[in-house]
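Chain by chain, the residues run as shown.
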Amino acid sequence: MSAQLLVVAPTTVLDERAPVTRLGGRPLVPASFDWPTCGDCQRPLQFLAQLASSNDLLLLFSCHATSCVVGGGPDLPSNRVVRVPAVGSELRDAPEQTPTLPLTPVEFVSFDQPNRSYDEARFDPGRFVFGMMGGEPDSVSGHVPHCTACARPMRFVASLEEGSLFNFAGVQAFVFACEGCTAAQLFVDDFF
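Residues numbered from 1 in each chain as written. Predicted model: local features only at pLDDT ≥ 70, side-chain atom pairs only at ≥ 80, totals over all residues. Heavy atoms only, no water.

A description of the environment of Cys 150 should follow, citing residues and the corresponding values.
Along the chain, Cys 150 falls in the loop between β9 (129-133) and β10 (154-160). As for Cys 150 and Cys 181, which are separated by 31 residues in sequence, their C-alpha atoms are 7.1 Å apart. Excluding residues that lie within four positions of it along the chain, Cys 150 makes contacts with Cys 178 and Cys 181. (Helix = DSSP H or I, 4+ residues; strand = E, 2+ residues; numbered from the N terminus. Contact = heavy atoms within 4.5 Å.)

Below, the structure written as structure tokens:
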């Protein structure tokens, strides 16, 4: 897939039940889904975003407790990417006492083809670019992580910027998915 900028789309209105890339709200999950918890503080993780990838949805979760670490690689207990099928999933409310990002029109996503490097395109005035899907990320310096479940090289899915939508301790985060199994992982910039 060629690179596409992820841009906040304030005028886009979509159904929360659509299996599309979006931010906040409630995740689409299968009936058997177990809500992930933080390995540090044991609280339910906050749902951040849903990324549409092939026939799957990649659900991003993170702990927002100030005592939990947000940087690092896939073994970090406070970040989680869960891969679920796009078909046959239903909306699920977060467990009680879990912080949520409200789903409003400003948090839906539009896609824009970059006409120059990502680092230049993300600073265009008048739009908020919070990441990129597809292509090759510049910041990982050619590093391709291997799946912790099956040891195969993983495919880059998206990069996400630190900012008002995500808390990655001031750096970028990268989402990778395994082609050999159903694993997906979130890596924070200081891991590479």
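Describe the confidence of the model for the protein, with residues and values.
Taken over all residues, the pLDDT of the protein has a mean of 78, while the share at 70 or more is 78%. Mean pLDDT across the elements of the protein bottoms out in strand β8 (residues 109-112) (74) and peaks in strand β3 (residues 28-29) (94). (pLDDT = per-residue confidence, 0-100.)

Quick one: what's the story with the nonpolar core, residue by residue and with numbers?
Among the nonpolar cores identified, the biggest contains 21 residues, and Leu 51, Leu 58, Leu 60, Val 81, Phe 130, Val 157 and Val 175 are the most heavily contacted of them. Those residues within four positions of Leu 58 in sequence are excluded, and the remaining contacts are Ala 49, Gln 50, Leu 51, Ser 53, Val 81, Val 82, Arg 83, Val 157, Val 175, Ala 177 and Ala 184. The next biggest cluster of nonpolar side chains, apart from the first, holds 16 residues, and it includes Leu 28, Cys 38, Leu 59 and Phe 61. (Core = buried A, V, L, I, M, F, W, Y, C linked by side-chain atoms within 4.5 Å. Buried < 20%, exposed > 50% of the residue type's maximum accessible area, 1.4 Å probe, protein only.)

Which residues make up the packing of aromatic side chains, and what values do they have?
Each aromatic ring pair is described using two quantities: the centre-to-centre distance and the angle formed by the ring planes. Per the counting criterion, the structure on display carries seven aromatic pairs. When the ring of Phe 156 is compared with that of Phe 174, the centres are 6.5 Å apart and the planes differ by 55°; the resulting orientation is tilted. With Phe 156 in strand β10 and Phe 174 in strand β11 (residues 173-178), this residue pair connects regions lying 18 residues apart in the sequence. Accessibility assignment for this pair places Phe 156 and Phe 174 in one class, buried. Here Phe 156 and Phe 176 contribute two aromatic rings whose centre-to-centre distance is 5.8 Å and whose plane-to-plane angle is 70°, an arrangement assigned as edge-to-face. (Phe/Tyr/Trp six-rings, centres within 6.5 Å; stacked < 30°, edge-to-face > 60°.)

Outline the sheet that holds strand β2 (residues 22-23), listing residues and values.
Spatially, four strands are ordered β2-β4-β5-β6 in an open sheet, and the strand pairing comes out antiparallel. The open sheet terminates on both sides in strands that have one partner only, identified here as β2 and β6 (79-85). As paired strands, β2 and strand β4 (residues 46-53) are joined by two bridges and run antiparallel to one another. Directly across from Leu 23, in β4, lies its bridge partner Ala 49. (Pairing = 2+ DSSP bridges.)

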